[in-house]
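Observations on chain architecture
Chain by chain, the residues:
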Protein chains: 2
Amino acid sequence: MEPPAPQRRVTIVDVARHAQVSTTAVSKVLRNAYGASPEMRAKVRRAIDELGYRPLAAARGLRGQTYTIGVMLPDIRNPFFPEILDGITGHLADTDYQVFLGPGGCNDEQAEARVTDAMIDRGMDGIILIAPVSSRARLEHIASAVPAVVVGRHGHSAVYDTVTDDDMAGASLVVGHLAGLGHRRIAHIEHRETDATRRAEMPNAQRADGYRRAMQAIGLAEEIDVVSTSYTQQGGYEGARQLLARPRRPTAVFAGADIVAMGVLEAVAEAGLSVPGDISVAGYDNTTFASFGPISLTSVDQAGHDIGGNAARLLLERIADRQKTSVQVKLSPMLVPRRTTAAPQA
Amino acid sequence: MEPPAPQRRVTIVDVARHAQVSTTAVSKVLRNAYGASPEMRAKVRRAIDELGYRPLAAARGLRGQTYTIGVMLPDIRNPFFPEILDGITGHLADTDYQVFLGPGGCNDEQAEARVTDAMIDRGMDGIILIAPVSSRARLEHIASAVPAVVVGRHGHSAVYDTVTDDDMAGASLVVGHLAGLGHRRIAHIEHRETDATRRAEMPNAQRADGYRRAMQAIGLAEEIDVVSTSYTQQGGYEGARQLLARPRRPTAVFAGADIVAMGVLEAVAEAGLSVPGDISVAGYDNTTFASFGPISLTSVDQAGHDIGGNAARLLLERIADRQKTSVQVKLSPMLVPRRTTAAPQA
DNA sequence: CACCGCTTGGGCAACGTTACCCAAATTCGC
DNA sequence: GCGAATTTGGGTAACGTTGCCCAAGCGGTG
């Protein structure tokens, strides 16, 4: 018993035959290339529709373009990334490009390499790296193989463009907000960073620096108090425990990320203290759950959609001209005050 | 001024020349195919490493395989999907396959079609569709073009495998839990479904059915109370407002999804009622935020990791044998009681 | 009328890989 | 020690698309 005809895919040759033209002509129509009359175009398009033809990306890839753009996400769980992604897909919606996401395995440098290599192997036309943890050299290596845009790294490179949030300014907003409410003992929980280059480029480090500068700027240098853990719920919990054990307890905690703030809230509740009564808490990223009623976390909103849109725009520009000089876009964040911050108790 | 040599990619021919063997031999080594001696393998591998050669997926695709698997996610925001994804990538980690995610644009049938078509055009070796909203016919169409596994649809098809959570049982767990605490007036908020086929296949409908059956089974048929909105925060908020306006207010609300429960909590707080004192609330999916301290939502945990693992396994089996009879896997969910449910007030 | 430039269409050779074949060398069975 | 079977390696023709080139036709110009 035979399988019922393995049904070959319709190719450009079938279309050409059906429309009684050459394959070259069909190819020209597909790519909106020069050298095809309106009548020709119409005829070919009709044949394409009648046969339900779709160009095979692999074959196109062998000749150059795949019409595919890769986006590397280090961690799909981070609720901030979808915003960026929407910005990207929105900008690319009416182009011929299709976006695929590469799951970068939670901040793991090796997993990142695997995914980016896979994207290059698949001949993707360009890639967007979101908050990569890879080394500088590695990023430049990638960018030399394929047009690339890096999101969320402050370093400046000649071969790739960058789009970032102004984390320094964001931290400043938080400190300003808390100080404005009357707080003086404002502590910060940061993500520990050991590597020197990354210290300069990663957003977490910028937030910590921004915190320090802002504290100094408003005359609270004496009160600077930074705990180094990690940007996880656990990290927030541990950081808060340390802060709560201080002889002079801080009256406000600026957590470097919303997820960290979740851990802080837990530790605070466990210590029998109330928020914002006994202690104010602010996060960063304005993730979806920050707005949930029972949480209602004061946070900093990065213009995720704009970040994504700009990244896509720059990538298209770079695909069009690989030699163009690199661009750095820095967008301004916004403070979203909610119910976890209030004036300190008298 | 010349650009500094456009650096051609290393190809299989370069490797063959460098190792002084034929391209066929190199290809055999790459694919672990039959017909290459151990010495040959060693020699070729050395050459590969020395040149840093990586096979071009596009060229492979033209000959059949791309070693790429596509996963369609209808909504990256849904915090339940990462679990599934981990299960998939975990299962595929030590194979040669690479996973790429297609962003399916929030429950939009057309966007889904665009992504799945794109995957087929790119010659992907297999695709996993997570909670697709597309019609039955469309799913079968896809599955006839490429090996496919559908996750989160209860329908049975001959051409694709399915992996689902036993939503009926999950709903039963919630009702049982609440009834066990002493509740009788247990209401449910469901996602409105108009299409008939989907009513039978979609998890949301199964949860609603499971709720009804469970209520009947324990003699609470009289108390069945279902509000139809949507699986969104807004839907939960509106649903809860309706329920709270009832002359006999329910003492417990079973929300069809965690995000719905968030809306419920908000409406309840707004009405000046307390949880679980005045009203108990349960969700479904056990998403990350359900466990956050200030929320602590009773929910149902689907074995996301197992779902993903099974989906990947079935897909590999189907890739190996496209004619094999289809399989349906149904996994059992687990109740996770937290602080939003308690005995009703006397 | 010779010449030029432009438009329209097609022929052909890649692109990098693998499936299918065949040839030579080696081992096995008796 | 001879034919048969098995192992090992290579030659070659696709796979579907596009970039480069060329040819024919056409209108305008000097």
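Residues numbered from 1 in each chain as written. Chains lettered and ligands numbered in written order. Predicted model: local features only at pLDDT ≥ 70, side-chain atom pairs only at ≥ 80, totals over all residues. Heavy atoms only, no water.

The name recorded for chain A in an unreviewed UniProt entry is LacI family transcriptional regulator, from Streptomyces regalis.

1. Remarks on the protein's contact with DNA strand C
Short version of the rule: Near, as used in this document, describes a residue that has one of its heavy atoms within 4 Å of the molecule or strand being considered. What qualifies as a polar contact is a pair of N or O atoms within 3.5 Å, subject to a donor-acceptor requirement within protein and to the restriction that residues adjacent in sequence count only when both atoms come from side chains. For the purposes of this entry, the term helix denotes a DSSP run of H or I that reaches at least four residues, the term strand denotes a run of E that reaches at least two, and both are numbered from the N terminus.
Around DNA strand C there are 25 residues in total, and Tyr 34 and Arg 63 of chain A together with Ile 12, Arg 31 and Tyr 53 of chain B lie nearest to it. Those atoms of DNA strand C that come within 4 Å of the protein belong to sugar or phosphate at a rate of 63%. At 3.2 Å, a side-chain N or O of Lys 28 of chain A approaches a base nitrogen of DNA strand C. Taking Leu 56 of chain B, its main chain carries an N or O atom lying 3.2 Å from a phosphate oxygen of DNA strand C. When residues of the surface near DNA strand C are traced back to their parent elements, those giving at least two are α2 (23–30) and α4 (57–63) of chain A together with α2 (23–30) and α4 (57–63) of chain B.

2. Notes on the relation of the copies chain A and chain B
The cut-off we apply is this: Overlaid copies result from least-squares superposition on C-alpha atoms, with residues included only where pLDDT is at least 70 in both. In what follows, residue pairs with any heavy atoms lying within 4.5 Å of each other are defined as contacts.
When chain A is fitted onto chain B, the two copies agree to an RMSD of 0.2 Å after a turn of 180° and an axial shift of 0.1 Å. When the rotation and shift are considered jointly, the pair of chain copies conforms to a two-fold rotation axis. Looking at the interface residues of chain A, 100% of them are also at the interface in chain B, so both copies use one shared face.

3. Topic: the side chain of Ser 326 of chain A
All names here are of chain A. You can see Ser 326 is positioned in the loop between α13 (304–320) and β11 (328–331). Side-chain polar atoms of Ser 326 contact the backbone oxygen of Ser 157, separated by 2.6 Å. Here Gln 328 takes part through its side chain, which lies 3.4 Å from a polar atom of the side chain of Ser 326. Those residues in contact with Ser 326 that lie beyond four places of it in its chain are His 156, Ser 157, Ala 158, Tyr 160, Asp 161 and Arg 318.

4. Describing the interface of chain A and chain B
The condition that has to hold: For any pair of parts, buried area is found by adding up, for both, the accessible area (1.4 Å probe) each one loses once the two are put together. By definition, a salt bridge exists where a carboxyl oxygen of Asp or Glu is found within 4 Å of a side-chain nitrogen of Lys or Arg. Any residue that is not Ala, Val, Leu, Ile, Met, Phe, Trp, Tyr, Cys, Pro, Asp, Glu, Lys or Arg is counted as polar, Gly included; the first ten are nonpolar and the last four charged.
Taken residue by residue, the interface counts 50 residues in chain A and 50 residues in chain B. Between chain A and chain B, roughly 4,200 Å² of surface is buried when both sides are summed, and carbon and sulfur atoms account for 60% of that area. With a shortest N-O distance of 3.0 Å, Asp 121 of chain B and Arg 9 of chain A are connected by a salt bridge. The interface formed by chain A and chain B contains 18 residue pairs in polar contact (both at pLDDT 80 or more). If you list the elements that add at least two residues to the side of chain A that touches chain B, you get α4, α5 (81–92), β2 (98–103), α6 (109–121) and α12 (258–270) of chain A. When residues of the side of chain A that touches chain B are assigned to their parent elements, the largest contribution, seven residues, is made by α6 of chain A. Residues that form the side of chain A that touches chain B fall into these classes: 29 nonpolar, 11 polar and 10 charged.

5. Some remarks on the environment of Leu 85 of chain B
Residues and elements named next belong to chain B. Just so we agree on the cut-off: Exposed residues in this analysis have more than 50% of their type's maximum accessible area, buried residues have under 20%, and partly exposed residues fall in between, with area computed by a 1.4 Å probe over protein chains only.
Structurally, Leu 85 is set in helix α5 (residues 81–92). A residue is classified by how much of its surface remains accessible, and Leu 85, at 1% relative accessible area, is buried. When the C-alpha positions of Leu 85 and His 305 are compared, they lie 7.4 Å apart, and in sequence the two are 220 residues distant.

6. Things to note about the pattern of salt bridges
Working definition: two side chains of opposite charge can pair if their charged atoms are close together. Under the defined criterion, the tally for this structure stands at 33 salt bridges over all chains. Glu 223 of chain A is the salt-bridge partner of Arg 248 of chain A, the closest N and O atoms lying 3.7 Å from each other. With a gap of 25 residues between them, Arg 248 of chain A in the loop between α11 (233–244) and β8 (252–255) and Glu 223 of chain A in the loop between α10 (203–217) and β7 (225–229) connect regions that are remote in the sequence. Residue Glu 223 of chain A is classed as buried on the basis of its relative accessible area, which comes to 15%. Between Arg 246 of chain A and Asp 225 of chain A there is a salt bridge, and its shortest N-O distance comes to 2.8 Å. Of the two residues, Arg 246 of chain A sits in the loop between α11 and β8 while Asp 225 of chain A sits in strand β7, which places them 21 residues apart along the sequence. Relative accessible area serves as the criterion here: at 17%, Asp 225 of chain A is assigned to the buried category. Look at the salt bridges and you will find they share partners, linking Arg 9 and Arg 54 of chain A together with Asp 117, Asp 121 and Arg 138 of chain B into a network.

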